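This is what each chain is made of:
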Amino acid sequence: MLNEKRIKENLKSDLEVLYFETIDSTNTKAKELLKNGKNNDFIVVANEQTKGRGRQGKSFYSPNGTGIYMSLAFHPDMPLQNVVTATTAASVAVCKAIEKLTDIKPKIKWVNDIYIGKNKVCGILTESVTDINYEVATGMVIGVGLNIKTIDFPEDILNAGSLGVDIDRAKLIATIADELLSVVLKDYSNFIDYYREHSMLLGKEIFYIENGLKTYATAISIDEKGGLVVKTDDGLKTLRSGEITVREQEK
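About the thresholds
Residues numbered from 1 in each chain as written. Predicted model: local features only at pLDDT ≥ 70, side-chain atom pairs only at ≥ 80, totals over all residues. Heavy atoms only, no water. 1 Å grid on protein atoms, 1.4 Å probe; cavity = no way out; pocket = protein on both sides within 12 Å on 5 of 7 lines; lining within 4 Å. Points joined across faces, edges and corners; volume = space filled by probe spheres on them. Helix = DSSP H or I, 4+ residues; strand = E, 2+ residues; numbered from the N terminus. Nonpolar A, V, L, I, M, F, W, Y, C, P; charged D, E, K, R; others polar. Axes fitted to C-alpha atoms, helices over the stretch in contact; angles between N-to-C directions. Parallel < 35°, antiparallel > 145°, perpendicular 65-115°, else oblique. Left-handed = near helix turned anticlockwise from the far one by under 90°. Contact = heavy atoms within 4.5 Å. Expected span 1.5 Å × (residues − 1). Buried < 20%, exposed > 50% of the residue type's maximum accessible area, 1.4 Å probe, protein only. Salt bridge = Lys/Arg side-chain N within 4 Å of Asp/Glu carboxyl O.

Asker: Sorry, what's going on with the layout of surface pockets here?
Answerer: Considering only enclosed or pocket space, the largest pocket measures out at about 950 Å³ in volume. Considering the residues around the largest pocket, the lining is formed by 43 residues, among which K58, D113, K120, I157 and L158 are closest to the centre. Among the elements of the structure, helix 2 (26–35), strand 3 (67–74), strand 6 (113–116), strand 7 (119–131), strand 8 (136–147) and strand 13 (244–246) are those that each provide at least two residues to the lining of the largest pocket. The element that contributes the greatest number of residues to the lining of the largest pocket is strand 7, accounting for six residues. Residues that form the lining of the largest pocket fall into these classes: 18 nonpolar, 15 polar and 10 charged.

Asker: Is there a simple way to explain the packing of helix 3 (residues 84–101) against helix 4 (residues 169–183) in this structure?
Answerer: Helix-helix packing is characterised by the crossing angle of the two axes and by the distance between the axes. In the contact formed by helix 3 and helix 4, the axes pass within 8 Å of each other and the chain directions differ by 140°. Taken together, the axes of helix 3 and helix 4 are oblique relative to one another. The interaxial crossing formed by helix 3 with helix 4 has right-handed handedness. Touching A89, A90, A93, V94, K96, A97, K100 and L101 of helix 3 are K171, L172, T175, I176, E179, L180 and V183, all from helix 4.

Asker: Sorry if this is basic, but what is going on with helix 3 here?
Answerer: In an α-helix there are 3.6 residues to a turn, and that puts residues three or four apart on one side. The terminal C-alpha atoms of helix 3, which comprises 18 residues, lie 27 Å apart, in line with the 26 Å expected from a rise of 1.5 Å per residue. Burial of helix 3 is extensive: 13 of the 18 residues sit out of reach of the surface.

Asker: Help me understand the pattern of salt bridges in this model?
Answerer: In a structure, side chains of opposite charge can pair up when their charged atoms sit close to one another. Tallying each qualifying case throughout the model produces 15 salt bridges. Across the pair E9 and K5 runs a salt bridge whose closest N-O atoms are separated by 2.5 Å. Here the residue E9 and the residue K5 both occupy positions in helix 1 (residues 4–10), the gap between them amounting to four residues, near one helical turn. The two residues E9 and K5 agree in class, both being exposed. Between K237 and E210 there is a salt bridge, with its nearest N and O atoms 3.4 Å apart. Note that K237 is positioned in strand 12 (residues 235–239) and E210 in strand 9 (residues 205–210), a separation of 27 residues in sequence. Residue classification places K237 among the partly exposed residues on the basis of a relative accessible area of 29%. Via salt bridges that share partners, K31, R53 and E127 belong to a single interconnected network.

Here's what the structure looks like:
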């Protein structure tokens, strides 16, 4: 059973909980509320999403009752260039929550996808509401889609998987929210070592697409600002954003 009361009972943070049985997208709803002037911190949680959203315009499959679909909305008032820190920090928060409540040891695929073995079990989408006049992010939304027991994925979703454990979803949602709040506004130095230790990429053969061009490379390291350092035929290069693919998973 998942509801507002049970989530609230497990929260350590002072967050408002907005629960929906079905919603188009928790991120969309959270951004709408922020833009309409909601000025407290809150989480939007759904048992099902009909139009779940992922990074780079992709969708996130969100069937009824088999996963966690949540968005944390808060007010960072930070310079726009620092918002990217939260994207990296969010993957750390989700991994820590999983490790607290299960025996699973998740890995992070740069930038912030969570994997168990070769299967992606969680996607994270960070979006901001900005005040262009002052060049600050006045509101931020971190959406987390985590597959708990989803098994029947659409054919066009590759390498998808689930945690596959019996777990109290309300407790996991609350733990993720608490971990997010504890880390997302901190500097890289507070979590970059954990991020590196949980990387699934280092030493792997990958490719990335930049300006429409596919480039093959080897993932070498992660720098102090979360950038992925790769070795190409032309030498070392640091990626700051974008999508990479592990070549052994290429299909």
